[in-house]
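# Descriptive analysis of the structure
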Amino acid sequence: QFKLGNYAQALTKLYSVEKHFEDISEDQFDFHTWCLRKTTLRAYVDMLKYQENLWGHRFFLKAASEIIKVFITLYDKPSKAKEAAATAGGEADLSKLTPKERRALKKRQKRAAAKAKKKEEAEAKKRAELEAQKSKEGGAQSASASAEATKANALRESIPDGKKYAESENPLGEATKMVKQMQQYAPNQIQTHLSALEVYSRKKRHLLSLQAIKRTLKLAASSPPPPEVHYHSILLAKALKEEKDIHPTVATIINLETANIPQFPKSSDDLAAFNDSYLKANAASLRHRTVAAKCRILLGQGAEKAYEAIHEGKLAENATDLGASAEAFAFVKTLELPADKIEAMRKALHENFPLTPDFREVAKGPEAPPMTAGAKS
């Protein structure tokens, strides 16, 4: 749903995961008194340890990181988020869409209207059946039906309201809540600090961004650091050079703390040259090259230079990871480039991943044959 732009539905499903963990936690309250009453202290200690690690479970971390991605998208592209919400309500501005997008939108609206009508008819039928059952079976059956209806309403109310979250006026605030929860219960997971980087960089909380960078590097000490660290290091160094409202004390702290971090550019370094050195050192990794390309856009070097960072050399030999290839191609499609260059990259990736729909050529349907006189009805 997130990839399709259905942010409300995506948040409904993701927050349902969080509610599942809340239910698990609440279900343990009775166990506290039971253990103390039965003096089963060993089981009680095991339960406490379980509770301490509950919110650090990998399933919750995955859902939380996806929730943060949705809120970041809502923050970065508020117009698209509103357009998606309007599309769901049938209020999209068709004048801003291409003919192909208009056709796809009308199909989605038609399916949504049919689904809503079907649901409304099913509910009306159910209400009619309940009314008939009440009149036929009397008070006892009526009370049972009422109890069932109450139970169904309680179940509906227990489902998180994704639309409410998607319409939040402060998406970064909602994302920050998740980041703090991840930092509290999963401080030893790299994804925790990468999510914190995405949020704090947008909030311009530079010291917290530096903290997330250092913690990520510490956790990745025995392996190469994630490429996202390079992007956010460039972003933070650029902010130090260009933003005038940074407090001098903050700038001094960042310079002192990063003096011995080789992955962070020094205040005297040229950021474009630093990024080029990173690209050269990681030329065999498409994921790293994509991050270097994003840095070129960040530094104002233009779409052509960003494309060169990804596509230069033998792309087919380096594009061995499907996830990295899809990410690189999705980024290239956002650049203002000639269609032939994007097509050249698509063909190169299609050679490695011929079954991936994203890299297939868009097939043009055959033209309909002219209708003859005998075919008319």
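Look up: the structure comes first, before these words.
Below is a short write-up of the structure.

Glancing now at the nonpolar core. Generally speaking, a soluble globular protein has its nonpolar side chains buried in company with each other. Residues Leu 11, Ile 67, Ile 68, Phe 71, Met 178, Ile 213 and Phe 264 are the most contacted members of the largest nonpolar core, which totals 43 residues. Of all the elements, helix H4 (residues 58-76) adds the most residues to this core, at 10 residues. Residues contacting Leu 11, with those up to four places away along its chain left out, are Ile 67, Val 70, Phe 71, Leu 74, Gly 162, Tyr 165 and Ala 166. The next biggest cluster of nonpolar side chains, apart from the first, holds 22 residues, and it includes Tyr 307, Ala 309, Phe 329 and Leu 349.

We now examine the side chain of Ser 65. Tracing the backbone through its elements, the reader meets Ser 65 in helix H4. Leaving out residues up to four positions away in the same chain, Ser 65 has contacts with Met 182, Gln 191 and Ser 195.

This part is about a positive patch on the surface. Together, Arg 103, Lys 107, Arg 108 and Arg 111 make up a positively charged patch on the protein surface. As for its position among the elements, Arg 103 is in helix H6 (residues 99-158). By relative accessible area, which is 53% here, Arg 103 ends up exposed.

A word on the packing of aromatic side chains. Considering all chains together, one arrives at eight aromatic pairs under this definition. With a centroid separation of 6.2 Å and 40° between ring planes, the pair formed by Phe 21 and Trp 55 is classed as tilted. With Phe 21 in helix H1 (residues 7-27) and Trp 55 in the loop between helix H3 (41-54) and H4, this residue pair connects regions lying 34 residues apart in the sequence. Phe 21 gets classed as buried once you look at its relative accessible area, which sits at 6%. Taking 5.7 Å as the distance between ring centres and 65° as the angle between the ring planes, the aromatic pair formed by Phe 21 and Phe 60 counts as edge-to-face. Here the residue Phe 21 occupies a position in helix H1, and Phe 60 occupies one in helix H4, the gap between them amounting to 39 residues. For Phe 60, a relative accessible area of 1% gives the class buried. Members of the aromatic cluster, joined through ring pairs, are Tyr 15, Phe 71 and Tyr 165. Its end group placed over the ring of Tyr 165, Lys 164 keeps NZ or CZ at 5.1 Å from the ring centre.

What follows covers the environment of His 350. Looking at where His 350 falls in the secondary structure, it is placed in helix H18 (residues 339-352). Linking His 350 and Arg 360, residues 10 residues apart in sequence, is a C-alpha distance of 6.4 Å. Excluding residues that lie within four positions of it along the chain, His 350 makes contacts with Phe 359 and Arg 360.

The next subject is a negative patch on the surface. Residues Glu 22, Glu 26, Asp 27 and Asp 30 make up a contiguous surface patch of negative charge. Top contributing element to the negative patch by residue count: H1, with three residues. Locating Glu 26 in the fold gives a position in helix H1. Take Glu 26: its relative accessible area is 48%, and that puts it in the partly exposed class.

Bringing helix H15 (residues 303-311) into the picture now. Among the residues making up H15, those that are buried are Ala 303, Ala 306, Tyr 307, Ala 309 and Ile 310. Buried residues along H15 cover an arc of 155° about the axis, so they all sit on one side.

Where H15 meets H18, the axes come as close as 12 Å, and the angle between the chain directions of the two elements is 15°. Accordingly, the angle class assigned to the pair H15 and H18 is roughly parallel. Helix-helix and strand crossings are classified by hand; for H15 and H18 the assignment is left-handed. Of H18, the residues touching H15 (which contributes Glu 304, Tyr 307, Ile 310 and His 311) are Lys 341, Ala 344 and Met 345. Within the contact of H15 with H18, the residues separate by chemical class into four nonpolar, one polar and two charged.

About the thresholds
- Residues numbered from 1 in each chain as written.
- Predicted model: local features only at pLDDT ≥ 70, side-chain atom pairs only at ≥ 80, totals over all residues.
- Heavy atoms only, no water.
- Core = buried A, V, L, I, M, F, W, Y, C linked by side-chain atoms within 4.5 Å.
- Buried < 20%, exposed > 50% of the residue type's maximum accessible area, 1.4 Å probe, protein only.
- Helix = DSSP H or I, 4+ residues; strand = E, 2+ residues; numbered from the N terminus.
- Contact = heavy atoms within 4.5 Å.
- Patch = residues over 30% accessible without salt bridge, like charges linked within 9 Å, V, L, I, M, F, W, Y side chains within 5 Å.
- Areas by Shrake-Rupley, 256 points an atom, 1.4 Å probe, with all protein chains shown as cover.
- Salt bridge = Lys/Arg side-chain N within 4 Å of Asp/Glu carboxyl O.
- Lys, Arg positive; Asp, Glu negative; His and termini not counted.
- Charge placed at Lys NZ, Arg CZ, Asp CG, Glu CD.
- Phe/Tyr/Trp six-rings, centres within 6.5 Å; stacked < 30°, edge-to-face > 60°.
- Lys NZ or Arg CZ within 6 Å of the ring centre and 35° of its normal.
- Arc of directions from axis to C-beta.
- Axes fitted to C-alpha atoms, helices over the stretch in contact; angles between N-to-C directions.
- Parallel < 35°, antiparallel > 145°, perpendicular 65-115°, else oblique.
- Left-handed = near helix turned anticlockwise from the far one by under 90°.
- Nonpolar A, V, L, I, M, F, W, Y, C, P; charged D, E, K, R; others polar.

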